[in-house]
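# Examination of the molecular architecture
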Amino acid sequence: MSPSPTGRCYDGLAAGYHLLYPDWEASVARQGAALAALVRARLGDRPAAVLDCACGIGTQAIGLAAHGHRVTGTDLSPVAAARAGREAARRGLRLPAAAADMRQLPFADAMFDVVVCADNALPHLLTPEDVRAALTAMRRVLRTGGLLLLTTRPYDTLRRERPTSTPPQTAERDGRRSVIFQLWHWHEDGERYDLELFQLRPDDTGEWRTEVHRSTYWALTQAQLTTFATEAGFTDVTWQLPEHTGFFQPMLIARKPSAHGNGPALGATTGRP
């Protein structure tokens, strides 16, 4: 089990994480297609070495692997990472996955063409130092010209509105329905919030059981994240909205410039995972 509070939250959530989506299989396919199209448009129509450094149970990683990319997954939760590997294997896909902290990625320099950090994972880091450390680690493992794809919730809007809950949503799997909703508790700084995620599911007897998973986020605006990415050494930093990418969250897209490259250039065969 993970030693960190965030990791333990996702350890507990891993078995039922797919229920956060009305149709997880469709989401895997849709998100994989959107990310693969972005990679193809920027790096060409070839398999890329991809690190998903917050892979969870594999929602994005499996989708990218299905499009022929060589994907490696890491996550703070060893339970989630292990499930990602199993889910990929069940589909006949290869997805090496292990527990790792995105601030200290356990890979050599310049190993990957693409780093993906999706589905609001980076905002679990609550200080500027931790955000810079994670982005610096992502840049380090990218090849010269490599691509960063990072997505968050639409925090520019959410910081203004400061919602306190999400509407209940339902999902069904194996004939059983679940109900999920969230409560948000904003800190006095107006930037960070504690989240409580409630999952209601019937047990084998039909009695409803409630699980509560808690975590804390930093609602980073696009301007804040752009600054952090630039400070970490990325260039060509842009944001694209879901209507342009087909991905369900706003996306920061950036490059590792040649000035910071100290390993094989993009597309080299040396050192691929």
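Residues numbered from 1 in each chain as written. Predicted model: local features only at pLDDT ≥ 70, side-chain atom pairs only at ≥ 80, totals over all residues. Heavy atoms only, no water.

## A word on the side chain of serine 27
In this fold, serine 27 is placed in helix H2 (residues 24-43). Serine 27 gets classed as buried once you look at its relative accessible area, which sits at 4%. (Helix = DSSP H or I, 4+ residues; strand = E, 2+ residues; numbered from the N terminus. Buried < 20%, exposed > 50% of the residue type's maximum accessible area, 1.4 Å probe, protein only.)

## A few points about the sheet that holds strand E8 (residues 192-202)
Pairing is antiparallel across the open sheet formed by four strands, whose spatial order is E6-E7-E8-E9. The open sheet has two edge strands with one neighbour each: strand E6 (169-173) and strand E9 (208-218). Going from strand to strand, the sheet's axes swing by 25° on average, the running direction of each strand aside. (Pairing = 2+ DSSP bridges. Axes fitted to C-alpha atoms, helices over the stretch in contact; angles between N-to-C directions.)

## Details of the environment of methionine 138
By the secondary structure assignment, methionine 138 is in helix H5 (residues 128-141). A relative accessible area of 0% places methionine 138 in the buried class. Sequence separation between methionine 138 and glutamine 222 is 84 residues, and the spatial gap between their C-alpha atoms is 18 Å. Methionine 138 has contacts with Cys53, Met102, Leu105, Val115, Cys117, Leu122, Leu148 and Phe234, leaving out every residue within four places of it along the chain. (Contact = heavy atoms within 4.5 Å.)

## Points about the packing of aromatic side chains
One pass over the full model with this rule turns up eleven aromatic pairs. Judged by centre distance (5.2 Å) and plane angle (90°), the rings of phenylalanine 107 and phenylalanine 112 are edge-to-face. Both residues of the pair, phenylalanine 107 and phenylalanine 112, belong to the buried class. One aromatic cluster in this structure is built from Tyr155, Trp184, Trp186, Tyr193 and Tyr217. Stacked on the ring of tryptophan 24, the Lys or Arg arginine 83 has its end atom at 5.5 Å from the ring centre. One cation-aromatic arrangement involves arginine 192 over tryptophan 218; the distance from NZ or CZ to the ring centre is 4.2 Å. (Phe/Tyr/Trp six-rings, centres within 6.5 Å; stacked < 30°, edge-to-face > 60°. Lys NZ or Arg CZ within 6 Å of the ring centre and 35° of its normal.)

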